[in-house]
Amino acid sequence: MVYHGEVRRACSRFVFVPAVALLVVAALTAVSAQFADSFVASRDNPAIAYSTGAVSDRVAALNQRILEGRVRLAFDVHSGYLRSVLDALEVPVESQVATFAKNSLQADLIRLDNPRAIYFSDSVAVGWVRGADLLEVAVQDPRQGGIFYTLDQKQTDRPQLTRNDQCLACHLSWDTLGVPGFFLMSTLTVPDDKNTYATGFSSDDRKNFDTRWGGWYVTGNIGSLVHMGNVPVSRTDQPARAGARALKSLDERFGVQGFPSHGSDVVALMVLDHQAHMMNLITRTGWEARLAASGDAKQVARLDSAAVDLVDYMLFVYEVRGTSGFAEKFQARGPADSHGRSLRQLDLDRRLLKYPCSYMIYSDAFDAMPPLARDAVYRRLWRVLSGQEPSKPYTQIPLADRRAVVDILRETKKGLPDYFKPAASQ
């Protein structure tokens, strides 16, 4: 599944099983060492109760508003409930990105001229395939992590989005840190006569651009950026590269009737790369804290490790540095400090964001982490921003950027601990 609702058919995981199966038994013995940075307990541990616990996500709230008659979803002959759902969930159409990889629940409908479109905000993603009989919606519940829903594309008076845990076949894995979550997959294709896709790899802002976006359309001004997008077929032993001509619009490749936007914006893809992994880190840290509440020393150590991973990613410590309607809308959301600075300001010359701290610190999921988790994250965040962490990955963050991040957080982040001192006193 490529991000949120893109449920890969179970069989697609095992296309190349013969070569892999011989290694499975040996690999299982090394799981604890290889995946120390993942949540390893059951999702139905009593402290978690993913399957039975109450949810308070934006989709559940929308369902309730529909039932009460406070929201009515309008049905369109070309896109069904898509536009109405995007409006109801406050997901901008400018966030549209498109993938033609056949690794989804709706793979039979996905082609180069009929890609799967994904729209997203800070906590919700909506997947739509033209001509499909359902919409897929994924949301980060503040407590329970990724929750997955589908909506039948049939006109009815009060449609309801139905929870679908079958999505966990792909969205609960090591790629999602062992919690129900999200990821973008960069896919290596094989020749058309093989009628399948080779395995790919997850993508986030720690990965080189030349390994990102295989199986995706990429539009916009990419300068000299080299990536794997816009290439329909590649050899599995050689990464695909962008063609000689960048795409300005999806209209150059296929008819876009029904699509609310004409792009698969490179800036939106970069933001989504970052956001998907960040959401998983927040969920994992919160879940580790719920287990650590028992006082078990080993579990407390796992929480501290999770907090380090979250803060490192939040501050873009390992980021690969490197004109769209999405960029303007994304930056306009703020919040901004009294100097007009915001953690949503894009850079795109040196790195993704101008001020190297993730805007996801404002998310409901971040605020909903157990106090034990938030305390661990804030302590680690302050240790890095204040210069108390002297190791090399952290010293690469310029002092001016650290000071700016502290100043912005002090003015815009509710609940920030008092020990985050003004920049002038550092």
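Predicted model only: the values in this text are computed from it and were never measured. Throughout, a residue's number is its position along its own chain's written sequence, starting from 1. With pLDDT at 70 or above as the cut-off, local features in this predicted model cover only qualifying residues; side-chain atom pairs require 80 or more to be listed or tallied, and sums for whole chains, interfaces and linings still use all residues. Only hydrogens and water are set aside when side-chain values are computed; all heavy atoms of the structure are taken into account.

**Points about the side chain of R290**
- Numbering goes from the N terminus for both helices and strands, where a helix is a DSSP run of H or I of at least four residues and a strand is a run of E of at least two. Its location among the elements puts R290 in helix α6 (residues 266-292).
- Polar contacts, as counted here, are pairs of nitrogen or oxygen atoms within 3.5 Å of one another; within protein the pair requires one atom able to donate a hydrogen and one able to accept it, and residues that are adjacent in sequence qualify only if both atoms are side-chain atoms. Here Q144 takes part through its side chain, which lies 3.1 Å from a polar atom of the side chain of R290.
- Any pair of residues with heavy atoms lying within 4.5 Å of one another is described as a contacting pair. If we ignore the near neighbours within four places in the chain, the residues touching R290 are A47, I48, R143, Q144 and P370.

**Structural notes on the packing of aromatic side chains**
- The aromatic pairing rule takes the rings of Phe, Tyr and Trp, using the six-membered ring of Trp, and pairs them if the centres are within 6.5 Å, calling planes under 30 degrees apart stacked, those over 60 edge-to-face and the rest tilted. Inspection of every chain in the model, using the stated rule, returns 14 aromatic pairs.
- Between F366 and Y378, the ring centres sit 5.8 Å apart and the planes meet at 70°, which makes this aromatic pair edge-to-face. On the criterion of sequence distance, the pair formed by F366 in helix α9 (residues 364-367) and Y378 in helix α10 (residues 371-385) is long-range, its members being twelve residues apart.
- F366 gets classed as buried once you look at its relative accessible area, which sits at 0%.
- Only protein chains enter the area calculation, which uses a 1.4 Å probe; residues under 20% of their type maximum are buried, those over 50% are exposed, and those in between are partly exposed. Among the residues examined, Y378 registers a relative accessible area of 4% and is labelled buried.
- Joined through ring pairs, the aromatic side chains of F100, W128, Y217, F254 and F259 make up one cluster.

**Quick notes on the confidence of the model for the protein chain**
- On average, residues of the protein chain score 84 in pLDDT, and 84% of them are at 70 or above.
- In the model, residues 1-35 has pLDDT below 50 throughout and makes 77 contacts with residues more than four positions away in sequence or in other chains. As a per-residue measure, pLDDT reflects the predictor's confidence and takes values from 0 up to 100.

**Considering helix α3 (residues 58-67)**
- Within α3, the full set of buried residues consists of V59, L62, N63 and I66. Angularly, the buried residues of α3 cover 105° about the axis, an arc narrow enough to put them on a single face.
- Buried residues along α3 sit in contact with α4 (82-88), β4 (134-141) and β5 (145-152).
- For α3, the side-chain oxygen to backbone nitrogen distance between the N-cap and V59 is 2.9 Å, and the N-cap itself is D57.
- Just beyond α3, the residue with positive phi is G69, at close to 80°. The arc in question is the one traced by the directions running from the helix axis out to the C-beta atoms.

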